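Chain residues, written in single-letter form:
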Amino acid sequence: MVLKVFFPSCCSSAESGILIGRWISEQNSAVILAVVHFPFIPAQVKQYLSEVQRVTKVSVSVLGSWSNSKQEKEESLSEFLEDLGTIFSHEPWIQISKEGDSNFWSCSTLQKHSNNPKEEEIILVYYDQRKVMLSHLHPPLDTAASTDHQADDASKLAAIFDTVAKSKVLFMTDRYDDGPIKLTHWQSDGVEASIIMELMKQASVPACMLLTFLLSLISGICRSRVLKFWPLSFLWSKLSTCEQLGHRLQHLQVISSNKKAQNQTQLMRKANIFVSLLVDVALGILLMSWLYRKNRIGHLADTLIPVADHVAEELQDLLQWLMGAPAGLKMNRALDQVLGRFFLYHIHLWISYIHLMSPFIEMILWYVGLSACLGLTVALCILSDIIALLTFHIYCFYVYGARLYCLKIYGLSSLWRLFRGKKWNVLRQRVDSCSYDLDQLFIGTLLFTILLFLLPTTALYYLVFTLLRLLVVIVQGLIHLLVDLIDSLPLYSIILRLCRSYRLAAGVKFRVLEQQDGKPLRLLMQINPLSYGSVVHTYRLPTYSCYPKDTWTSLCKKLFLGELIYPWKHKGEKQD
């Protein structure tokens, strides 16, 4: 049977002593964590290891001996190392020795309490203790495609990573301590510390307390009964700016919470939310500084009114074209004139409203620009709401045309069932047979003929205003896609993958260092980082969506039947 010994590369130059670590009997593997140097008292070592086991819940024990001599090994030292196996009584007792500057180490096992000792093939695996301790091993994303062998290998690696990660208490003792036990591990030269980081940690406590108090105050105001009255509740539930503010408020509550993260996933989520908020506010401040430089707010306000007038003039020309003979089509003259004048009157009202608000537009834009300090996403949501308000007349035209077209489509379908002697049963939600008299058939024929000949005129107006509505929806959709990208992108995880890729481990790979007959095979364990796509898929933050996600089939069906597309409804609510 093959015995695998995972040896930390930082202990290669350690002085002679005993090896402490964890024995994994299921894998016939030994994970070496540190080296205890001579001189030491065995009773104190056992007491120290029992305290480490109580804190870390890891069965840490003495696994063997380590000998590092630049000269030829003395016989007395060899006998002393062998006698340690009777004191600590671990089976098998691992003996690793390094002689001089030789690249090949000798590694053997002693089984004193076994009746039939067998020679085992030993594989010595070097690993970077610091990287393994700080890394988080991710399971394979496609669990359905992974085989049982791959899942078994992943569980074996997880046991090794988990052993090193839980032994942080062991690594807090360095060789400069005043205690009787001197250890060598990755942090044996002392704990590295930064004065700036320590000051930030001290300052973060009162800052988090103040932020928690402010957030609780804001949350109390948001949950008050004042916002439940009709005008305020309507605005809070329909405007995307309010939804984004509520979303960011939840993020602030998560990162300011004094509750400690229970696992790596919650810790990464908090870090991703913090970096996302930081980047969002930084981009918003840059946008605000650009807007208020060189009087760009005034230039934008001066440009907005002519653009609105130009759009209204184009709509008037479009309606005049529809009231004539568009594309050579012969329309119903009376209905065409009624619909055209109706929509022209709405455009006239809209132009009057825009010119009435023109003196206040610059002041409104000036205060709106200040909201960019809350983040770029809030500024983009305000832009989306402004587009919705400026194109409200197009939305009204689309609703009028869609309702009229939908009424005629459902009327024609109902009258078509009348010709076939059927009707729609509302209670049973099905089509049943029905007998009609002569008067009902005559009136149905007249109504069907009228609706059929008026349908082309209505359908043309519906088609034109639907295309305009779709154009507005596409622009708003692109804005919300950008908002969702900023909200959901795990920036901290991506930066961590770029700078310290070993922190996000997808697996390991082994590289053969050297091999010689009669010597153990030496391998180097290296960490395979997660791919960038897997990082985004694993740590992507949840977002909200202002619009329900319809499939292309349902969208085409709604367009054909005249149902409203993308109304001001939130995901999960029932549409009209």
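Every value quoted in this text rests on a predicted model; they were computed, and no experiment measured them. (Residues numbered from 1 in each chain as written. Predicted model: local features only at pLDDT ≥ 70, side-chain atom pairs only at ≥ 80, totals over all residues. Heavy atoms only, no water.)

**Comments concerning the overall build of the protein chain**
Thought 1: Per the secondary structure count, the protein chain includes 17 helices and 13 strands.
Thought 2: Relative to its 576 residues, the protein chain shows a buried fraction of 40%.
Thought 3: Within the protein chain, residue pairs in contact and separated by at least 24 positions form 71% of the contacts whose partners lie at least 6 positions apart. (Helix = DSSP H or I, 4+ residues; strand = E, 2+ residues; numbered from the N terminus. Buried < 20%, exposed > 50% of the residue type's maximum accessible area, 1.4 Å probe, protein only. Contact = heavy atoms within 4.5 Å.)

**Concerning the UniProt feature "transmembrane region" (unreviewed entry) in the protein chain**
Thought 1: According to UniProt, the feature "transmembrane region" (unreviewed entry) maps to residues 203-222, 273-292, 338-357, 364-391, 397-419, 440-464 and 470-495 in the numbering used here.
Thought 2: Overall, residues 397-419 shows 100% helix and 0% strand. The separation of its end C-alpha atoms is 33 Å. (UniProt positions renumbered as here; feature names shortened; annotations may be inferred.)

**Details of the nonpolar core**
Thought 1: Of all hydrophobic cores here, the largest spans 40 residues; its most connected members are Val45 and Leu170.
Thought 2: The element contributing the most residues to this core is helix H4 (residues 148-165), with 5 residues.
Thought 3: Non-local contacts of leucine 170, meaning those with residues more than four positions away in its chain, are made with Ile20, Leu33, Ala34, Tyr48, Val52, Leu183 and His185.
Thought 4: Judged by nonpolar contacts, the second largest core, of 32 residues, contains Leu319, Met331, Leu412 and Leu455. (Core = buried A, V, L, I, M, F, W, Y, C linked by side-chain atoms within 4.5 Å.)

**Re a nonpolar patch on the surface**
Thought 1: There is a patch of nonpolar side chains on the surface, built from Phe360, Met363, Ile364, Trp366, Tyr367 and Leu370 and spanning about 600 Å² of accessible area.
Thought 2: Mapped onto the secondary structure, tryptophan 366 falls in helix H11 (residues 361-370).
Thought 3: By relative accessible area, tryptophan 366 is classed as partly exposed at 39%. (Patch = residues over 30% accessible without salt bridge, like charges linked within 9 Å, V, L, I, M, F, W, Y side chains within 5 Å. Areas by Shrake-Rupley, 256 points an atom, 1.4 Å probe, with all protein chains shown as cover. Salt bridge = Lys/Arg side-chain N within 4 Å of Asp/Glu carboxyl O.)

**Regarding the packing of helix H8 (residues 264-291) against helix H15 (residues 491-499)**
Thought 1: Closest axis-to-axis distance for the H8/H15 pair is 7 Å, and the angle between their directions is 100 degrees. With respect to each other, H8 and H15 are oriented roughly perpendicular. Here Met268, Ala271, Asn272, Val275, Ser276 and Val279 of H8 come into contact with H15, specifically with Leu491, Tyr492, Ser493 and Leu496.
Thought 2: Its residues assigned to classes, the contact of H8 with H15 comprises 7 nonpolar, 3 polar and no charged. (Axes fitted to C-alpha atoms, helices over the stretch in contact; angles between N-to-C directions. Parallel < 35°, antiparallel > 145°, perpendicular 65-115°, else oblique. Nonpolar A, V, L, I, M, F, W, Y, C, P; charged D, E, K, R; others polar.)

**Notes on helix H16 (residues 532-539)**
Thought 1: Listing the buried residues of H16 in full gives Ser534, Val535 and Tyr539. All buried residues of H16 project into a common sector of 105 degrees when viewed along the axis, lining one side. Within H16, the exposed residues directed more than 90 degrees away from the buried face are Gly533 and His537. (Arc of directions from axis to C-beta.)

**Focus on the packing of helix H7 (residues 240-255) against helix H14 (residues 438-488)**
Thought 1: In the contact formed by H7 and H14, the axes pass within 13 Å of each other and the chain directions differ by 5 degrees. Regarding the angle of H7 to H14, the classification is roughly parallel. Together, Ser240, Gln244, His247 and Arg248 of H7 and His480, Val483, Ile486 and Asp487 of H14 make up the contact between the two elements.
Thought 2: Partitioned by chemical class, the residues of the contact of H7 with H14 number 2 nonpolar, 4 polar and 2 charged.

**As for the pattern of salt bridges**
Thought 1: For the coordinates displayed, the defined rule picks out 4 salt bridges.
Thought 2: Put simply, arginine 248 and aspartate 487 hold a salt bridge, and the shortest N to O gap is 2.9 Å. Here aspartate 487 lies in helix H14 and arginine 248 lies in helix H7, a separation of 239 residues in the sequence.
Thought 3: Across the pair arginine 430 and aspartate 432 runs a salt bridge whose closest N-O atoms are separated by 2.9 Å.

**Describing the pairing of strand E7 (residues 121-127)**
Thought 1: Counting buried residues in E7 gives 6 out of 7 residues, a clear majority hidden from the surface.
Thought 2: As paired elements, strand E1 (residues 2-8) and E7 share 7 bridges and run parallel to each other. Considered in E7, the bridge of lysine 4 is made with isoleucine 123.
Thought 3: Note: E7 against strand E13 (residues 521-529), 4 bridges, orientation parallel. (Pairing = 2+ DSSP bridges.)

**Quick word on the packing of aromatic side chains**
Thought 1: Scanning all chains against the criterion turns up 15 aromatic pairs.
Thought 2: Note on phenylalanine 7 and tryptophan 66: the rings are 5.3 Å apart at their centroids and 35 degrees apart in plane angle, and the pair reads as tilted. Of this pair, phenylalanine 7 sits in strand E1 while tryptophan 66 sits in strand E4 (residues 60-69), and the two are 59 residues apart along the sequence. In this structure, phenylalanine 7 and tryptophan 66 share a single accessibility class: buried.
Thought 3: Through successive ring pairs, a cluster of aromatic residues spans Phe342, Phe343, Phe397, Tyr400, Tyr461 and Phe465.
Thought 4: Across from the ring centre of tyrosine 532, 4.6 Å away, lies the NZ or CZ of arginine 497, which sits over that ring. (Phe/Tyr/Trp six-rings, centres within 6.5 Å; stacked < 30°, edge-to-face > 60°. Lys NZ or Arg CZ within 6 Å of the ring centre and 35° of its normal.)

**As for the environment of valine 2**
Thought 1: Following the sequence through the fold, valine 2 ends up in strand E1.
Thought 2: By relative accessible area, valine 2 is classed as partly exposed at 32%.
Thought 3: Separated by 121 residues in sequence, valine 2 and isoleucine 123 have C-alpha atoms that sit 7.2 Å apart.
Thought 4: Ignoring sequence-local partners within four residues, the contact set of valine 2 consists of Asn28, Glu121 and Ile123.

**Let's talk about the confidence of the model for the protein chain**
Thought 1: Here the protein chain averages 80 in pLDDT, while 82% of its residues score no lower than 70.
Thought 2: A low-confidence stretch, residues 568-576 stays under pLDDT 50, and its non-local contacts, those more than four residues away or across chains, total 23 contacts. (pLDDT = per-residue confidence, 0-100.)

**As for the environment of leucine 482**
Thought 1: Of note, leucine 482 is situated in helix H14.
Thought 2: Sequence separation between leucine 482 and cysteine 381 is 101 residues, and the spatial gap between their C-alpha atoms is 10.0 Å.

**Examining the side chain of arginine 522**
Thought 1: Topologically, arginine 522 is positioned in strand E13.
Thought 2: For arginine 522, the side chain forms a polar contact with the side chain of tyrosine 126, separated by 2.8 Å. (Polar contact = N/O pair within 3.5 Å; in protein donor to acceptor, adjacent residues only side chain to side chain.)

**Concerning helix H10 (residues 333-357)**
Thought 1: The end-to-end C-alpha distance of H10, which contains 25 residues, comes to 36 Å, matching closely the 36 Å that a straight helix rising 1.5 Å per residue would cover.
Thought 2: All buried positions along H10 are accounted for by Leu335, Asp336, Gln337, Leu339, Gly340, Phe343, Leu344, His346, Ile347, Trp350 and Ile354.
Thought 3: The elements touched by buried residues of H10 are helix H9 (296-322), helix H12 (376-390), helix H13 (392-419) and H14. (Expected span 1.5 Å × (residues − 1).)

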